[in-house]
Amino acid sequence: MDGACFRETLRTRRRWPDVMAIWKKDVHIEEERHVRANDRDYNERFSYADNCIKTAKYNVFTFLPINLFEQFQRFANAYFLVLLILQLIPEISSLSWFTTIVPLVLVLAITAVKDATDDYFRHKSDQQVNTRQSQVLIKGKLQIEKWMNVRVGDIIKLENNQFVAADLLLLSSSEPYGLCYIETAELDGETNLKVRQALTVTSDLGDDVARLADFNGEVICEPPNNKLDKFTGTLYWEDNKYPLDNEKMLLRGCVLRNTDWCFGLVIFAGLQTKLMQNCGSTKFKRTSIDKLMNTLVLWIFGFLICMGIILAIGNTIWEQSVGSNFWEYLQWKQLKINAVLSGFLTFWSYVIILNTVVPISLYVSVEVLRLGHSYFINWDRRMYYNRKDTPAEARTTTLNEELGQVEFIFSDKTGTLTQNIMVFNKCSINGKTYGDVYDEFGHKVDITEKTPCVDFSFNPLMDRKFRFHDSSLVEAIKLEEPLVQEFFRLLALCHTVMPEERNEGELVYQAQSPDEGALVTAARNFGFVFRSRTPETITLYEMGQAVTYQLIAILDFNNVRKRMSVIVRNPKGQLKLYSKGADTIVFDRLDPSNEELVFTTSEHLNEFAGEGLRTLALAYKDLDEDVFDKWMKKLLFASTTLDNREEKLGALYEEIEQGMMLLGATAIEDKLQEGVPETIACLTLANIKIWVLTGDKLETAMNIGYSCNMLRDDMDEVFIISGHTMLEVQQELRTAKERIMGPSGEKFSSGLDMEKTELYSSDSVFEETIIAEYALIINGHSLAHALEADLELILVDVACLCKTVICCRVTPLQKAQVVELIKRHKQAVTLAIGDGANDVSMINTAHIGVGISGQEGMQAVLASDYSFAQFRYLQRLLLVHGRWSYHRMCNFLCYFFYKNFAFTLVHFWYGFLCGFSAQTVYDQWFITLFNIVYTSLPVLAMGLFDQDVNEQYSLRYPNLYRPGQLNQLFNKRKFFTCTLHGVCTSFILFFIPYGAFMTAVRDDGAQISDQQAFAVTIATSLVIVVSIQIGLDTNYWTAVNHFFIWGSLAVYFAILFALHSDSIFTIFPNQFPFIGTARNSLNQEIVWLVILLTTVVCIMPMVAVRFIRTDLYPTHTDKVRLLQQATRRQGPQEQNLRRVRRTSSRRSAYAFAHQQGYGELITSGKNMKVPTSSTSTCPLSSPLRGPADTNLVKNTTSAKDTTSTTSRFRRESGQNQEVMVEDLEAR
């Protein structure tokens, strides 16, 4: 079973389910929860949420009314509905109703079909989740029930590898002492196992159904909340009360692992579970262009009203001063209408006539463009992941142009930047490295998938998935080199891994961290197989021979020690201490005789770290029996003392671990996804800030930061915020800001209201801090304080001044809060990318959510707006598809508003010459067909296929992405510019033919200034002018563009002559009365001269302006386009991005792998199914439990003399861009 059963997380992004959920709740706020086991009647009194997830918005009966109600909440739809009603009134309408109803019905129908399809899949998804089955204890029997029928207070039985259906209090399990193991990847992204333990009194219930059915304990606990790591409650049973905490809870979304069965009491169900509480909800996502369009539509409507008022006043004046003179021609006995009423009716008539300044076809066209852009993403083969047969998918069609405006990316770590797979890559043993491959000439060769692997067939217990390429290490094992064998013996003994042998020889390791699992698996393949363990022994198969070691003590790992040791007695009776940990920690505890070996191993560690590998040092020590006995007595005393127990145990561990002998070092690759460093470097050059929000520990997140070059040793400073109180966090943030900004930094607070263009262009300290490189790393508990209202502004200030921000140990809700913080204070477009259920809230909150189909199920994909299989595809999604979509949409809108203002305002000018009579210049067929037929396809072709530069140059010059971030291509200023252009064009289109026709005559001397000939001339000029204009606006010509532009002109003339033909007049004499107008007008040279003059006067000023602007004030895009044209004959060039590798200080994998270890749990025997022998000596371990505080040096300044390759890459890439462009300008 995979994570697909939790696709209800997708549905919380819809507003409707939240409303329904609130409607179902009691009006009072729940202060505490009372749950009685096996008593549904009692629990139903509190009206707790059931376990049914309902996310569908409609049903068969409510779809039509609700959907229409929602659609008419859009201003444009309501506006056109009002226009349709007005057109049905004969007194004010000079246009037929079909000019409005056809496009309106089309838009409503398309939207309704889309909404119905979405809701169908919501119904289907709800059904899939709610009908999953669980074993529920009802009336003394275990019955199979659907998840939707589970209620608070029910007792549920779970079996191995099953998902937890609700938030449960663990009652009993198949493991000793009521233990069970769970995987919480759906909640926090971590795949390592966690332990939960039932109360002793309930664990005795076992799997006895009768006793479980009689269990009537009552739980009083906290109300539903989103805190994944906290639970407070009390169990009252048999006149006793027992405290409950998070260690006794199984949360919905977890998976039961390595445990045959367990029973749990449902505490929270459905939408009240902690998983669902963390999913949050998101409003309907709209792009910034959408929001701007809504504002502009209101402005245009206001402009339309103003024009209507002007023309209505004109009509009133005209009726009083001029119109009365025409009464005798109308044969009116008395005035049927007064001037004021005439003006009022004329106002509404002009509202109808001039409504095409915002035609409804604009919204249809925008949806068509977005759909097309979405298909381009779906069809992009370079975003197709062949290994998993996973193409990129645009799961929404409304956000494409927003992809070209992203300023902040919030990324999960595990499974997003990394593959969440740990691989034993290299090692150093006794001063010799293993893991590299050399050719016959002794040259090192790169390892690829085609590189032959080492043959492990000598080992029947090998892991067939394990790959290693250096055969010399296997040869050393076979030659029985003592130190090599001791190296792998240490890896097989020094750990807290639990083995599970399902079938003979089929071993499965359940590791607390992926690092430990990788090391034990490596030892297994090289002949030292960890087979089983008891509280007192560890059994290995060494080169096929079973060897049992007596486990004396485990000196457990914590974040202060950063190492782990075990003390064992081998079959020969020798006492051995084996230790592994951070290299700097282990080296300080070595015997002085290791000095030369330490130097050699340090060189190897530098090489490993430079390749981004997670390193670990290994050492051992032969213990003297007498010394060990004395130490053991001191350990027994320290472990039972009450005062300063932790410090005393730590001192004893330190004592025994002195004087060790170095064995070597391991190098584990936390496999980054392919192309992650290059993608991050390229996106950074595009001025996109990338923040990592992860549930992993600080050290693990830092190590990945170094691996993918977000953190580097040449950074000016790395600030670590780890305060536990608000005052501590505030002081740390202020110190960091002062270090970055200096004393004058306060004036650049994010609270200042500053235009983006001014912000980026200002020659100020702010810009200098952007050039300087800082990093901010903040812990989850510190972030909780920093997100408070008093500190959020300074957090935003400091974070935005840093090149890299990493938030670790954060909950899903905190991820969403960080995204919301940036949205609120920076007004920037945000993108969130993740692969697990713990990322859903962040994905829903961001403007754009991207899901990666990875190792943690499909929850993020189901909640996302876009999805693909690899992080590296994000670069192409933004810099190619996103930038193109933004460019195309902006050009489309500018042209569309220009075209329609030029088309519509001709009626406005005509009104002053027709007595403000609401007479149209064009015939109504031209008005109907202009936006639907004559000009619709060319602008769609431009909006679908146009490219300012091709994809290679889009990726090679990431700075081309900047105009979208600054919103330069379509804003209020651009709107006024293009509408002014349209107004001027309409003025020229009307008055040049009007002036020419005042005195023009036909070839035979007759007048040609009739209204229809005048209309044909203007209409023809308009179609030609807008067709030439779109040709000027098109940067990338395709056959489709040519066909649509020339085809539209041909269609215009064909329809024009058809509508004025003899045959159509014969069929529809009332509809087409102007027979022969087109051919009689267009066969005159004077008409074509007028059309030519009008076209030249309309087009030439824009041609001149663009030429001068491009020549004197070229944009970066202009320069790159010119460069592209100059180098087109040379063919496409490869992108100037190369493999980025880092050189940095050593990072220890083990010290960064996990929290306080499970040493005490293992040595206590509580997790063992084998009975503990009373005669055996029980090994000792540190009683220190719980995660230790991370004592890290804050404000760490790395060595500045080491230059990382990413820094070189950034400088070289930036210089390359500037050199090529400047060279082009020089030429």
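Help me get a handle on the overall build of the chain, residues and values and all.
Each helix and strand in the chain was counted, giving 45 helices and 36 strands. Within the span of the chain, comprising 1227 residues, buried residues form 57% of the whole. Accessible surface for the chain amounts to roughly 52000 Å². Of this, 56% is attributable to carbon and sulfur atoms.

I'd love a proper account of the sheet that holds strand β10 (residues 240-244), names of residues and values included.
The strands that make up a sheet are held in pairs by hydrogen bonds between backbone atoms, and each pair lies either parallel or antiparallel. Pairing in this open sheet of four strands is antiparallel, and the strands run β1-β8-β9-β10 from one edge to the other. Both edges of this open sheet fall to β1 (33-36) and β10, since each of them pairs with a single strand only. The average angle at which neighbouring strand axes cross in this sheet is 20°, direction not considered. Pairing geometry for strand β8 (residues 218-221) and strand β9 (residues 233-237), over four bridges, is antiparallel. Paired with Cys 221 across the strands is Gly 233, a residue of β9.

Lay out the nonpolar core with the relevant residues and their values.
Phe 892, Leu 893, Tyr 922, Phe 926 and Leu 1022 are the most contacted members of the largest nonpolar core, which totals 96 residues. Ranked by residue count, the leading element in this core is helix α32 (residues 873-911), at 18 residues. Excluding residues that lie within four positions of it along the chain, Tyr 922 makes contacts with Ala 902, Phe 903, Val 906, His 907, Ile 927, Ala 1015, Ile 1018, Ala 1019 and Leu 1022. In terms of nonpolar packing, the next biggest core, distinct from the first, is built from 54 residues, Val 474, Ile 538, Val 568 and Ile 1162 among them.

Which residues make up the pairing of strand β24 (residues 545-555), and what values do they have?
With six bridges connecting them, strand β23 (residues 537-542) and β24 associate as antiparallel partners. What sits directly across from Ile 538, in β24, is Tyr 549. Both β24 and strand β25 (residues 563-569) contribute to a ladder of five bridges, which runs antiparallel. Counted as the bridge partner of Ala 553 is Ile 567 from β25.

Report on the sheet that holds strand β6 (residues 179-183), specifying residues and quantitative values.
Strand order in the open sheet made by the three strands is β7-β6-β12, with antiparallel pairing throughout. Looking at strand neighbours, the two that pair on one side only are β7 (193-197) and β12 (255-257), the edges of this open sheet. When strand polarity is set aside, the average angle formed by the axes of neighbouring strands in this sheet is 45°. Two elements, β6 and β12, share three bridges in a ladder whose sense is antiparallel. If you follow Tyr 181 over to β12, its bridge partner there is Arg 257.

So what's going on with helix α42 (residues 1085-1112)? Which residues, and what values?
Counted at 1.5 Å a residue, the expected span for α42 with its 28 residues is 40 Å, and the 40 Å between its end C-alpha atoms agrees. Its maximal kink placed at Ile 1099, α42 deviates by approximately 25°, while the proline Pro 1101 follows within four residues. Along α42, the residues that are buried comprise Val 1087, Val 1090, Ile 1091, Thr 1094, Thr 1095, Cys 1098, Ile 1099 and Met 1102. On its buried face, α42 is in contact with α37 (972-999), α38 (1011-1033) and α41 (1077-1082).

Break down helix α24 (residues 726-741) for me, citing the residues and quoting the values.
Compared with the 22 Å implied by 1.5 Å per residue over 16 residues, the 22 Å span of α24 between its first and last C-alpha is a close match. Among the residues making up α24, those that are buried are Val 729, Gln 730, Glu 732, Leu 733, Ala 736, Lys 737, Ile 740 and Met 741. Looking straight down α24, one finds its buried side chains confined to an arc of 165°; they lie on one side. Opposite its buried face, α24 presents the exposed residues Leu 727 and Glu 738, each directed more than 90 degrees away.

Could you give me a rundown of the packing of aromatic side chains, with the residues and numbers involved?
Considering all chains together, one arrives at 59 aromatic pairs under this definition. Taking 5.3 Å as the distance between ring centres and 90° as the angle between the ring planes, the aromatic pair formed by Phe 456 and Phe 526 counts as edge-to-face. Of this pair, Phe 456 sits in the loop between β19 (444-445) and α15 (471-478) while Phe 526 is found in the loop between α17 (514-525) and β22 (528-533), placing the two residues 70 residues apart along the sequence. No difference in accessibility class separates Phe 456 from Phe 526, as the two residues are buried. Consider the rings of Phe 903 and Tyr 922, whose centres lie 5.3 Å apart with planes at 15°: the pair is stacked. Within this pair, whereas Phe 903 is found in helix α32, its partner Tyr 922 is found in the loop between α32 and α33 (924-934), the two being separated by 19 residues in sequence. For the pair formed by Phe 903 and Tyr 922, the shared burial category is buried. Connected via pairs of aromatic rings, a cluster forms that spans Phe 908, Trp 909, Tyr 910, Phe 912, Phe 916, Phe 987, Phe 990, Phe 991, Tyr 994, Phe 997 and Phe 1014. The side chain of Arg 33 reaches across the aromatic face of Tyr 48, ending 3.8 Å from its centre.

Hey, could you go over the pairing of strand β16 (residues 418-429) for me, with residue numbers and the actual values?
Pairing geometry for β16 and strand β28 (residues 661-672), over eight bridges, is antiparallel. Opposite Ser 428, over in β28, you have Ala 665 as the bridge partner. As judged from the three bridges shared by β16 and strand β17 (residues 432-434), these two strands associate in the antiparallel manner. By the bridge assignment for β17, Cys 427 is matched with Tyr 434. Two successive antiparallel strands, β16 and β17, enclose a turn made up of two residues, where Asn 430 displays a positive phi of approximately 55°.

Reading the values: the criteria
- Residues numbered from 1 in each chain as written.
- Predicted model: local features only at pLDDT ≥ 70, side-chain atom pairs only at ≥ 80, totals over all residues.
- Heavy atoms only, no water.
- Helix = DSSP H or I, 4+ residues; strand = E, 2+ residues; numbered from the N terminus.
- Buried < 20%, exposed > 50% of the residue type's maximum accessible area, 1.4 Å probe, protein only.
- Areas by Shrake-Rupley, 256 points an atom, 1.4 Å probe, with all protein chains shown as cover.
- Pairing = 2+ DSSP bridges.
- Axes fitted to C-alpha atoms, helices over the stretch in contact; angles between N-to-C directions.
- Core = buried A, V, L, I, M, F, W, Y, C linked by side-chain atoms within 4.5 Å.
- Contact = heavy atoms within 4.5 Å.
- Expected span 1.5 Å × (residues − 1).
- Bend = angle between axes of the 7 residues up to and from the residue.
- Arc of directions from axis to C-beta.
- Phe/Tyr/Trp six-rings, centres within 6.5 Å; stacked < 30°, edge-to-face > 60°.
- Lys NZ or Arg CZ within 6 Å of the ring centre and 35° of its normal.

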